[in-house]
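Listed below are the residues making up each chain.
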Amino acid sequence: MTLSQLRIAPEQSGALVTILVVASTNAWLLAGSASVSTTQFVAIMLCFAVFSLVFLLISQDEPFGHDKQLRTLFVGVEYGLVLVLFSLSPMTFNAILLVIWSALLPYFMPFKRALLLSPIWSAVPWLLFSWVWQSSSGLWVNALLFWTFNLFALVMMESRKNAERQTQRAEEANRELRALQDLMQQASRKEERTRIARDIHDLVGHHLTGLSLHLQVASRTASPDQRPAIDQCLGIARLLLADVREAVSDMREFNQLDLLQALNALTAPLKNKIRVKVDCQADISNLTLLQATNLLRCIQESLTNTMRHSRADELVISIYSNANQLHIDIKDNGGSASSNINNVIQGNGLKGIQERVSELNGSATFINSGGGFHTSLILPEAK
């Protein structure tokens, strides 16, 4: 990733402008000052530059968006830079950088923990400042004021994070609702076509069969000059009966659920976020509504996990048959950031997948590898 690839959001721009203003004020007030040496001055400016760069890297979705360990390390580096600035510069307003740093914490630790620890990490820089610069006049008043700013930043970013989470969940629920709605509409049409096919077979077919029988009797008892007309009517009745049976068969044959259509409704809104490929090598036209719905929910959960926890930019869904079993393999290419890649901790999402597949008398296995996450679903093939 190069600097030209960095994307700066409006809130990032505000933070960078604030850092620039603080750095410029330091440069203006400290230039030629006897309180800091030239080496200290260069080090102060370098700290501001590195702080800005690390802040940008932390707040980027790529390439570190899902690498929590590296991003946590960057957060530690930023706090270290704040401490260095407090020891190199006598300007107390550098604590503004600590406010910016505080705004990042809700994305790296539970809010309550950050709130409880805030007096500690807020006090450490001021203790260092007091020790280095031997200053105590109004120092703790400033420390208390800036601590309240830190709390404000924590609360605001926690609220924003919760809003983002709710928006994400709403989008996921909307995608799933659209896909399920597509399945429900297909099921409704299937039920209606089945009813119509059954009515045609039972009513029209029954009456045509009765008509054919009566025409056969009439053909045997009619006079020779009337028999050709009756036989012609009998032929038409038999032709109509054959057409009715063919129409009923066609209605039942094409009266099937299309899971691929529902999958397209599920994945189409994500085409700008992740590539989803569906490779279907099996006949899934005989799936029941329960089977189709459960499989759709399993795929939705896998897609959600990939979007939330993986660095993947591609998800492949393979559907095939083997030994009278239907296999659904869901693989992403998001390499694991975990030190133990084979250790899969099953949360509610993965447990939900297992429960839905078990309801279909099937099984689900999960494999976490350096090449991505693999979900394998196996269930009896629909007859």
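Our structure is the block above this text.
These numbers were taken from a predicted model, which means no experiment stands behind them. (Residues numbered from 1 in each chain as written. Predicted model: local features only at pLDDT ≥ 70, side-chain atom pairs only at ≥ 80, totals over all residues. Heavy atoms only, no water.)

Novice: What is the right way to read the overall build of the chain from this model?
Specialist: Check the secondary structure of the chain and you find ten helices and five strands. The 383 residues of the chain split such that 37% are buried. Surface accessibility of the chain: about 21,200 Å² in total, with carbon and sulfur atoms responsible for 59%. (Helix = DSSP H or I, 4+ residues; strand = E, 2+ residues; numbered from the N terminus. Buried < 20%, exposed > 50% of the residue type's maximum accessible area, 1.4 Å probe, protein only. Areas by Shrake-Rupley, 256 points an atom, 1.4 Å probe, with all protein chains shown as cover.)

Novice: Explain helix 3 (residues 68-88) here, please?
Specialist: For an α-helix, 3.6 residues make a turn, and residues three or four places apart therefore share a direction. For helix 3, built from 21 residues, the straight-helix expectation of 30 Å at 1.5 Å per residue is met to within 8% by its first-to-last C-alpha distance of 30 Å. All buried positions along helix 3 are accounted for by Arg71, Phe74, Val75, Glu78, Tyr79, Leu81, Val82, Leu85, Phe86 and Leu88. Tucked inside the fold, the buried residues of helix 3 contact helix 2 (38-58), helix 4 (96-102) and helix 5 (111-133). (Expected span 1.5 Å × (residues − 1). Contact = heavy atoms within 4.5 Å.)

Novice: Teacher, can you tell me more about the sheet that holds strand 1 (residues 275-280) here?
Specialist: Read across the open sheet, the five strands follow the order 1-2-3-5-4; overall the sheet is mixed. Either end of the sheet is taken by a strand with one partner, and the two such strands are strand 1 and strand 4 (363-369). Shown here is a sheet whose adjacent strand axes are inclined to one another by a mean of 15 degrees, direction ignored. As paired strands, strand 4 and strand 5 (residues 372-380) are joined by seven bridges and run antiparallel to one another. If you follow Ile367 over to strand 5, its bridge partner there is His374. Together, strand 1, strand 2 (314-322), strand 3 (325-332) and strand 5 form the strand contacts of helix 9 (residues 289-309), whose direction differs from that of strand 5 by roughly 170 degrees. (Pairing = 2+ DSSP bridges. Axes fitted to C-alpha atoms, helices over the stretch in contact; angles between N-to-C directions.)

Novice: Teacher, can you tell me more about the pairing of strand 5 here?
Specialist: The side chains of a regular strand alternate between both faces of the sheet. Relative to strand 5, strand 3 runs antiparallel, the two sharing seven bridges. Bridge pairing in strand 5 links Lys331 to His374.

Novice: Is there a simple way to think about the packing of helix 8 (residues 259-267) against helix 9 in this case?
Specialist: One can describe the packing of helix 8 onto helix 9 by two numbers: an axis separation of 11 Å at closest approach and a directional angle of 30 degrees. On the basis of their axis angle, the class for helix 8 and helix 9 is roughly parallel. Relative to helix 9, helix 8 is oriented so that their crossing is right-handed. Seen from helix 8, the contacting residues are Leu259, Ala262, Leu263, Leu266 and Thr267; seen from helix 9, they are Ala292, Leu295, Leu296, Ile299, Gln300 and Leu303. Of the residues contributing to the contact of helix 8 with helix 9, the split by class is nine nonpolar, two polar and no charged. (Parallel < 35°, antiparallel > 145°, perpendicular 65-115°, else oblique. Left-handed = near helix turned anticlockwise from the far one by under 90°. Nonpolar A, V, L, I, M, F, W, Y, C, P; charged D, E, K, R; others polar.)

Novice: Hey, could you run me through the packing of aromatic side chains in this one?
Specialist: The geometry of an aromatic ring pair is captured by the separation of the ring centres together with the interplanar angle, meaning the angle of the planes. Applying the stated rule across the entire model yields nine aromatic pairs. Seen in terms of ring centroids, Tyr79 and Trp101 are 4.8 Å apart; in terms of plane orientation they differ by 40 degrees. Their pairing is tilted. Note that Tyr79 is positioned in helix 3 and Trp101 in helix 4, a separation of 22 residues in sequence. Side by side, Tyr79 and Trp101 carry an identical accessibility label, which is buried. Linked through ring pairs, Phe86, Trp126, Phe129, Trp133, Phe146 and Phe149 together constitute an aromatic cluster. (Phe/Tyr/Trp six-rings, centres within 6.5 Å; stacked < 30°, edge-to-face > 60°.)

Novice: Mind showing me how you'd approach the pairing of strand 3 here?
Specialist: By the criterion of burial, strand 3 is predominantly enclosed, with six of the eight residues buried. Alignment of strand 2 against strand 3, held across eight bridges, turns out to be antiparallel. Its bridge partner lying in strand 3, Ser318 is registered against Asp329.

Novice: How should the nonpolar core be read in this particular structure?
Specialist: Burial of nonpolar side chains together is a common tendency in soluble globular proteins. Within the largest apolar cluster, 45 residues are counted, with the highest numbers of intra-cluster contacts made by Phe48, Phe51, Ile58, Leu97, Trp101, Leu105 and Trp126. Elements represented by at least two residues in this core include exactly helix 1 (10-30), helix 2, helix 3, helix 4, helix 5 and helix 6 (139-221). With nine residues, the single largest contributor to this core is helix 2. Look past the residues within four positions of Phe48 in its chain and what remains in contact with it is Ile19, Val22, Ala23, Asn26, Leu85, Asn94 and Leu97. Counting 32 residues, the second largest nonpolar core, distinct from the first, contains Ala262, Ala292, Ile319 and Leu350. (Core = buried A, V, L, I, M, F, W, Y, C linked by side-chain atoms within 4.5 Å.)

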